[in-house]
Amino acid sequence: MARRIFISCQYEDQMKAKGFNLLRWNKNVPVEFVGRHILDPVNSTNKDYISRKIREQLTGTSVTIVLIGDKTWGSGWVAYEVEQSLKKGSPNGILGIRLHDGVTVPDSLRECGAEIIDWKPDEFEAAMNRAALAAGRAKVAVAGPGGGSRCIR
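Scoring rules and cut-offs
- Residues numbered from 1 in each chain as written.
- Predicted model: local features only at pLDDT ≥ 70, side-chain atom pairs only at ≥ 80, totals over all residues.
- Heavy atoms only, no water.
- Phe/Tyr/Trp six-rings, centres within 6.5 Å; stacked < 30°, edge-to-face > 60°.
- Helix = DSSP H or I, 4+ residues; strand = E, 2+ residues; numbered from the N terminus.
- Buried < 20%, exposed > 50% of the residue type's maximum accessible area, 1.4 Å probe, protein only.
- Polar contact = N/O pair within 3.5 Å; in protein donor to acceptor, adjacent residues only side chain to side chain.
- Core = buried A, V, L, I, M, F, W, Y, C linked by side-chain atoms within 4.5 Å.
- Contact = heavy atoms within 4.5 Å.
- Pairing = 2+ DSSP bridges.
- Right-handed = clockwise from strand over helix to strand, strands pointing away.
- Expected span 1.5 Å × (residues − 1).
- Axes fitted to C-alpha atoms, helices over the stretch in contact; angles between N-to-C directions.

Right, let's get into the packing of aromatic side chains. Applying the stated rule across the entire model yields five aromatic pairs. On the numbers, 5.4 Å between centres and 15 degrees between planes, the contact of phenylalanine 20 with phenylalanine 33 is stacked. Of this pair, phenylalanine 20 sits in helix 1 (residues 14-22) while phenylalanine 33 sits in strand 2 (residues 33-37), placing them 13 residues apart in sequence. Overall, the relative accessible area of 1% leaves phenylalanine 20 in the buried class. Phenylalanine 33 gets classed as buried once you look at its relative accessible area, which sits at 3%. Measuring from centroid to centroid gives 5.1 Å for tryptophan 119 and phenylalanine 124, while their planes differ by 80 degrees, and the two rings are edge-to-face. Phenylalanine 124 sits in the buried class, given a relative accessible area of 1%. An aromatic cluster is built from Phe20, Phe33, Trp119 and Phe124, whose rings are joined through pairwise contacts.

The structure is reproduced here in structure tokens:
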């Protein structure tokens, strides 16, 4: 049975996230999952509505994968998605994937105990399984002002 994952990314990395979501159909990549996400912009500026859509997509997932690009560290929505992933009744495991060398990994991902890996598709399946096993053991991330977040217990 395929693992259900939530894909989180900063808006500018949307096309790379769509490519990641398509990996499950690539016969040369040993990864199996059902992707839940908000990879297309929500047609609203209402923060409560967008927050609700994120929580809906998180329902039934066991792992949140944060695709880490150049501006992910400053994304308030990514921080919110991580926070909600950890606050669920059955918390998600968190996995960070660097989209390329030199990106700044958000402090909140490290503080919450997320495993951070490089873009190596052959390693994605094992890393997702490790994240699922670690679910519920992470500290809870709380979004702060200016898009940052911090972890609390």
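Inspection of the secondary structure assignment puts serine 75 in the loop between strand 3 (63-68) and helix 3 (76-87). A distance of 3.1 Å separates a polar atom in the side chain of serine 75 from the backbone nitrogen of valine 78.

This part is about the nonpolar core. Membership of the largest hydrophobic core comes to 22 residues, with the highest contact counts inside it found for Ile5, Phe20, Ile65, Leu67, Leu95 and Ile97. Breaking this core down by element, the ones donating at least two residues are strand 1 (3-9), helix 1, strand 3, strand 4 (93-98) and helix 5 (121-134). Top element by residues in this core is helix 5. It accounts for five residues. With residues near it in sequence (within four places) discarded, isoleucine 65 still touches Ile5, Phe6, Ile7, Ser8, Phe20, Leu95, Ile97 and Met128. Membership of the second largest hydrophobic core comes to 12 residues, among which are Val82, Val103, Val105 and Leu109.

For the rest of this paragraph, the subject is the pairing of strand 4. For strand 4, the buried fraction is high: six of the six residues fall into the buried class. Here strand 4 shows no split at all, with Gly93, Leu95 and Ile97 on one side and Ile94, Gly96 and Arg98 on the other all buried. Here six bridges tie strand 3 to strand 4, and the two strands are oriented parallel to one another. The partner of isoleucine 68 across the bridge, within strand 4, is arginine 98. As for the winding sense of the linkage, the β-α-β connection from strand 3 through helix 3 to strand 4 is right-handed. With three bridges joining them, strand 4 and strand 5 (residues 115-117) adopt parallel strand pairing. If you follow leucine 95 over to strand 5, its bridge partner there is glutamate 115.

Turning next to helix 5. With 14 residues, helix 5 extends 20 Å between its outermost C-alpha atoms, agreeing within 8% with the 20 Å of an ideal straight helix rising 1.5 Å per residue. Among all positions of helix 5, only Phe124, Ala127, Met128, Ala131 and Ala132 are buried. For helix 5, the elements touching its buried residues are strand 1, helix 1, strand 2, strand 3, strand 4 and strand 5.

Pairing in this open sheet of five strands is parallel, and the strands run 2-1-3-4-5 from one edge to the other. Only two strands of the sheet have a single neighbouring strand rather than two, namely strand 2 and strand 5. Averaged over all adjacent pairs, the angle separating strand axes in this sheet is 30 degrees, with direction ignored. On top of the sheet, helix 1 reaches strand 1, strand 2, strand 3 and strand 4; it is set at about 165 degrees to strand 1, its chief contact.

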